[in-house]
Amino acid sequence: MSLFKHLVSCGLFVLVALSAAAQTYPTASYDPAIPTLNDVVGHDHGEAISSLRDISDYMDALSEAVPDRMEIRSYGETWQGRKLIYGIISSPENMARLDDIQSVLAQLGAGETPDASSLEDTPAVVWLSYGVHGDEVTPSDSALFVAYHLLAAEDDDRVDRILENTIIIIDPSQNPDGRARFVHSFTSALGLEPQPDRHTAEHDQPWPGGRFNHYLFDLNRDWFALTQPETRGKVAALLEWHPVVFVDSHEMGGDSTYYFPPTARPYNPNIIEGQREKLIELGRNMARYFDRYGVPYFTREIFDAFYPGYGDMWPTLNGSVAMTFEQGSPRGLVFERRDGTELTYSEGVRNNVLSSLATLEVVARNKTEYLSEFADYRGRAIDEGARSEERYVVLDLSARRYEAEAMARRLAKQGISVSRTPAGARHCGQAYPDGAIVVDKAQPQGRLIRTLLDQETPLADDFVAEQESRRDRGLDHELYDVTAWSLPLMDGVSAEQCARVDLSAAALISGDETIPSIVGAGGSFGHIVPWSDGGQARLVIAALKAGLVGKSTDTPFTQDGREFPAGSVIFPRAGNPDDLGDRLRSLAMEIGAEIVPMQSSWVDDGPNFGSSAFATLKMPRIAMAWGRGTRPTSAGNTRFVLERQLGLPVAPIRASSLAQADLSLYDVLVLPDTYGGLMDEIADADPLADFVRDGGVLVALDASVGELSDLDKGLFSTRLEFAVSDKEEPEEADEDSPRLPGIVFENEEDYQARIHDHSAPPEDVPGVLVRVEANTDHWLAAGYESATALVTGREIYRPLNEGDGENVFRFAGDEDLLLSGYLWEGNRAQLAFKPFVMSQRTGDGVAIGFTQSPTRRAYLNGLNLLLANAVVLGPARMGQ
């Protein structure tokens, strides 16, 4: 008999031994008509790592057994075709009126509190999400037990109250592709019995590991960027249900215990005190559960609530009380901790169950209060926006039009009302000849809007002071992620804010609406594609893929009074199919891009079409270093931007195979960021140098630049810098002497100077947005005068000597550098005027180095055109 069918006669919970691991689970008197996990898949809870098929089959079996209390819905599909599902669980009475309940929830979501009777009759939604990182495996099995317990428990007052007062939504596996990757590697390594040694193969995942989805994204950073189908589907579902509480259940390193709220500092300033108090209330109840079972835990120490892309932060900024759970991970069935104790899979599964049930108990007991405060959060956001002197955010459509339009749709997909005003409108004291995108902060998601669209989300002054003090004391800072993410800055879109905007002629934009194209009739000579934004690059790439022939200029030109920037592409009728115009118009309409008809080749200023300033483009063949030696997120993010945002297929080649590969088959080779050791994997630098020398374009990102600078045959004549110090370097001692010269410290400054590490790298930067300036004479800067880059880490490079290469983009001067976020003063001074993008010729080719990645998280959309410069314009410029 299943251990979960043990009857109890004294209270809700008893201590029940579970399998050989002797773990204790919450249990009750269970209905034998409800199938157990063992009945359906052949193992009990915590005995084995459930596969995706196991999870799906068991969720289906439960819903089929009690269709009046559980329903399965799909919210999307992964890149690899796996279904994304969630289960809805509640009382039969609630399940029978889900549509009516959702209508009331929508009213709450609008910031309106219904009458007391409606509020009393409305259950609160609690959303439980498990396993956003695919190798964080216990949470998904915990989801299955939580569902079973809620559906099978009999004569259980607490469960009855939960079902009566709440609707529980269980997302058992947020990242199916990643979990499948982990389960495959674990199962492949498993032998006669599970091994606790952390160094054994079952715990040591091969690259890239199961953490990430198909495109190797960290899905716990994607919530506002909405780049991945897992995120887009989940956000759309949340907007339908308006949960008052959201749980994101994770794992962390196996030597840790368990983390639940309250969160660590810093707090996003758009979190209100009531939400933080609720986290304390929920945490206290979890502590009671954990104490009952003797489970150690910690709170407040690590996981902060600042960056809006977390799985707990996006719901929080929509009014939920949202939180992260972190269980120490066995990364298998048993794990030996450094203190000699063993952590079992069953124990991890149990602990997530405790925190989940403790959460449900609190909300069920106080559901009216949670509903009211949710509505109040959203209603107050409307009021705050209406009173603000920066009520409206206005995005200019005259530059980076594609990025502005795409941003509008991303915001709309997050439930934010977004409008377009017509050409010629005036807002915030200035004219918008091409129209504008307008976002009004006086709406229920006003606090989310402020967080995403304001240039700065400030850290609390006392928190900043403490971080500076920690640095002075030689301690690490306590920032968990980036401190800047302003969408207009990252997308390169001009934004203004003001108190009043006339929206009488505005039209709402939906998230699924096609971006409008700009196509003109005629074109007896051909058509121009202005090189002005990422959409224009997509159009050129699509045209090249379709076999059309075009030439790009490295110098601006003017025709019929309009100046076209460097990089602009002319597709002439001569040498192209007769239906050139129709093909280009069709592609432009599909993408939302612009084409300009050319009636003749004559230009008013700049080079003519027959000038050497024009180079014939071809569809580039792109290879990328892949596998061990590369950082998975950088490889995946970069491949995603190239393939899905620009439309360029990528051939991933394992780094260990690059020396044997025939690189002459490719025009471009991309080296993603690395943890170090990329060149060790490649084993031989000569193939890379030969590739460039023979006319190839090598694009190196982040730390790969440093690896290509440290070689005897370095492709970049630069070096990483140590931190700048105002402390005098001590004199070197005689290496042969057994003693050092005696010294006297007159004061603490002398002491600090003596112990200072003069070979230390610059301070670690969690993430800030900075201004970079372009050398507009270089083809690699086409379409830019300046841009916004994200700076993270501690890598600062010396500029190239002009005899070796060109610093095509450099960081702005000290006073103009920082655009958003918190940057240590020493880093600000040292980073000023240093290179962001370097170009160094070798033979007939070129090595292009990005000292900070333009593809991080695929949300730096304003740099997509720059990446296209490297991989599309670059091959055309080689050999010239």
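Anything mentioned here points back to the structure above.
I will try to describe carefully the structure that is included in this document. (Residues numbered from 1 in each chain as written. Predicted model: local features only at pLDDT ≥ 70, side-chain atom pairs only at ≥ 80, totals over all residues. Heavy atoms only, no water.)

A look at unusual backbone geometry
Part 1 of the argument: Put simply, Trp207 and Pro208 share a cis peptide bond, and its omega is 5°.
Part 2 of the argument: You can see Pro208 is positioned in the loop between helix H8 (176-189) and helix H9 (229-241).
Part 3 of the argument: Each neighbour pair has its own omega, and for Pro261 with Pro262 the value is 15°, a cis peptide bond.
Part 4 of the argument: Counting through the fold element by element, Pro262 comes out in the loop between strand E10 (258-259) and strand E11 (264-267).
Part 5 of the argument: Although it is not a glycine, Asp560 sits at a positive phi angle of roughly 50°. (Helix = DSSP H or I, 4+ residues; strand = E, 2+ residues; numbered from the N terminus.)

Examining the state of the cysteines
Part 1 of the argument: Scanning the model with the defined rule gives 1 disulfide in all.
Part 2 of the argument: One disulfide in the model links Cys428 with Cys498; its S-S distance is 2.1 Å. One quick way to see it: the torsion about the S-S bond of Cys428 and Cys498 is about -70°, and its sign makes the bridge left-handed. Pair noted here: Cys428 is in the loop between strand E18 (425-427) and strand E19 (430-432) and Cys498 is in strand E21 (residues 495-498), with a separation of 70 residues, a long-range link.
Part 3 of the argument: Since its relative accessible area comes to 24%, Cys428 is described here as partly exposed.
Part 4 of the argument: For Cys498, a relative accessible area of 11% corresponds to the buried category. (Disulfide = S-S within 2.5 Å. Buried < 20%, exposed > 50% of the residue type's maximum accessible area, 1.4 Å probe, protein only.)

Focus: the environment of Leu411
Part 1 of the argument: Here Leu411 shows up in helix H14 (residues 401-413).
Part 2 of the argument: With 38 residues separating them along the chain, Leu411 and Ile449 place their C-alpha atoms 8.5 Å apart.
Part 3 of the argument: Leu411 has contacts with Ile416, Val418, Val439, Leu452, Leu453 and Leu487, leaving out every residue within four places of it along the chain. (Contact = heavy atoms within 4.5 Å.)

Remarks on a nonpolar patch on the surface
Part 1 of the argument: A cluster of nonpolar side chains, namely Ile743, Phe745, Tyr751 and Ile755, defines an oily patch on the protein surface of about 370 Å² accessible area.
Part 2 of the argument: Considering the arrangement of structural elements, one finds Phe745 in the loop between helix H23 (703-709) and helix H24 (748-755).
Part 3 of the argument: On the basis of relative accessible area, Phe745 is assigned to the partly exposed category, the value being 40%. (Patch = residues over 30% accessible without salt bridge, like charges linked within 9 Å, V, L, I, M, F, W, Y side chains within 5 Å. Areas by Shrake-Rupley, 256 points an atom, 1.4 Å probe, with all protein chains shown as cover. Salt bridge = Lys/Arg side-chain N within 4 Å of Asp/Glu carboxyl O.)

Let's talk about the packing of aromatic side chains
Part 1 of the argument: Scanning the entire structure with this criterion turns up 35 aromatic pairs.
Part 2 of the argument: Taking the centre distance of 5.7 Å and the plane angle of 65° together, the rings of Phe224 and Tyr307 count as edge-to-face. Taken together, the residues Phe224 in the loop between H8 and H9 and Tyr307 in the loop between strand E12 (304-305) and helix H11 (313-316) connect sequence positions 83 residues apart. Tyr307 carries the same exposure label as Phe224, and that label is buried. (Phe/Tyr/Trp six-rings, centres within 6.5 Å; stacked < 30°, edge-to-face > 60°.)

A look at the nonpolar core
Part 1 of the argument: If you look at the biggest cluster of nonpolar residues, it comprises 217 residues, and the most contacted ones within it are Leu150, Trp241, Leu642, Phe809 and Phe836.
Part 2 of the argument: The dominant element in this core, judged by the number of residues it contributes, is helix H12 (residues 345-365), at 10 residues.
Part 3 of the argument: Excluding residues within four positions of it along the chain, Phe836 makes contact with Val772, Ala789, Phe809, Arg810, Phe811, Gly849, Phe850, Thr851, Gln852, Leu863 and Leu866.
Part 4 of the argument: With 25 residues, the next largest nonpolar core counts Ala689, Leu698, Ala700 and Leu715 among its residues. (Core = buried A, V, L, I, M, F, W, Y, C linked by side-chain atoms within 4.5 Å.)

Comments concerning a positive patch on the surface
Part 1 of the argument: A cluster of basic residues, Arg284, Arg288, Arg292 and Arg300, forms a positive patch on the protein surface.
Part 2 of the argument: Turning to its location among the elements, Arg284 is positioned in helix H10 (residues 273-292).
Part 3 of the argument: You can call Arg284 exposed: its relative accessible area is 56%. (Lys, Arg positive; Asp, Glu negative; His and termini not counted. Charge placed at Lys NZ, Arg CZ, Asp CG, Glu CD.)

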